[in-house]
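Each chain, written out:
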Amino acid sequence: DLPQEAKVCLEGLDDCLANRGDADARWQRHLSKDRQARIALRLGRPRAALALYRRTRDEAMSEQGAAERDAGVRELAGLLYVAAWLEPDGPDEAAEWQSWSIEALANIEICRSRGETIGYGNFDQMYLLRACALWGWRRGDTASLDMVMAHRALLRERLFAAGKADPGPPGLCFSY
């Protein structure tokens, strides 16, 4: 949690990637915007973080193709998480944010209905659950909270899976 230092490191990484055009460099530049968003959040600039997550989502949707099921899911989790901390600037933004919540719930439900297990580590649906827990708590959205509670056994397992999984997202789900 050293945002100023992280910003310097990220600038160095961006410099290293500047003259590379390979697929890995493009992916790392994409991830860089996600990192910039997290730094902006830690610096108390949630609107800047939201703008960066919007850009990364647009990129993911255009590069991966909107038809691909997982296109933009990772970025959706960031958008919903940041939006949960803010008040919308009018009804259009409120509707956009609500659509993110609906999309997040639909994505988690698709995963569950297919019998897919939420993976260990940085798995997108775990971050969607974390965002839904925060959204549910901050907005009083019972559908989001119900979805999180439907996964409470999995969240409990991941919370105590020493060395296998990041306990942060499930811990925050229970906290929210």
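We now turn to the structure provided with this report.

Basis of the calculations
Residues numbered from 1 in each chain as written. Predicted model: local features only at pLDDT ≥ 70, side-chain atom pairs only at ≥ 80, totals over all residues. Heavy atoms only, no water. Axes fitted to C-alpha atoms, helices over the stretch in contact; angles between N-to-C directions. Helix = DSSP H or I, 4+ residues; strand = E, 2+ residues; numbered from the N terminus. Parallel < 35°, antiparallel > 145°, perpendicular 65-115°, else oblique. Left-handed = near helix turned anticlockwise from the far one by under 90°. Contact = heavy atoms within 4.5 Å. Nonpolar A, V, L, I, M, F, W, Y, C, P; charged D, E, K, R; others polar. Salt bridge = Lys/Arg side-chain N within 4 Å of Asp/Glu carboxyl O. Buried < 20%, exposed > 50% of the residue type's maximum accessible area, 1.4 Å probe, protein only.

Here we look at the packing of helix 4 (residues 73-85) against helix 5 (residues 91-113)
At a minimum axis separation of 10 Å, helix 4 and helix 5 run at an interaxial angle of 135 degrees. In terms of axis orientation, helix 4 runs oblique to helix 5. Crossing geometry of helix 4 relative to helix 5 is assigned as left-handed. Side by side, helix 4 and helix 5 meet where Val73, Leu76, Leu79, Leu80 and Ala83 of the first sit next to Trp97, Trp100, Ser101, Glu103, Ala104 and Asn107 of the second. Across the contact of helix 4 with helix 5, the residue classes break down as eight nonpolar, two polar and one charged.

Here we look at the packing of helix 1 (residues 3-17) against helix 2 (residues 23-42)
The contact between helix 1 and helix 2 brings their axes to 10 Å, and the two run at 165 degrees. Viewed along their axes, helix 1 and helix 2 adopt a mutual orientation that is roughly antiparallel. Taken as a pair, helix 1 and helix 2 cross one another with a handedness that is left-handed. Contacts between helix 1 and helix 2 involve Pro3, Ala6, Lys7, Leu10, Leu13, Asp14 and Leu17 from the first element and Ala25, Gln28, Arg29, Ser32, Arg35, Gln36, Ile39 and Arg42 from the second. Looking at side-chain class alone, the contact of helix 1 with helix 2 contains seven nonpolar, three polar and five charged residues.

Here's the deal with the pattern of salt bridges
With the rule as written, the count across this model stands at 14 salt bridges. Its salt-bridge partner being Glu59, residue Lys33 comes within 2.8 Å of it at the nearest N-O pair. On the criterion of sequence distance, the pair formed by Lys33 in helix 2 and Glu59 in helix 3 (residues 46-64) is long-range, its members being 26 residues apart. A relative accessible area of 13% places Lys33 in the buried class. With its nearest N and O atoms 2.9 Å apart, the salt bridge here joins Arg47 to Glu93. Note that Arg47 is positioned in helix 3 and Glu93 in helix 5, a separation of 46 residues in sequence. We classify Glu93 as buried; its relative accessible area is 11%. When salt bridges with common partners are traced through the structure, they connect Arg47, Arg54, Asp89, Glu93 and Glu96 into a single cluster.

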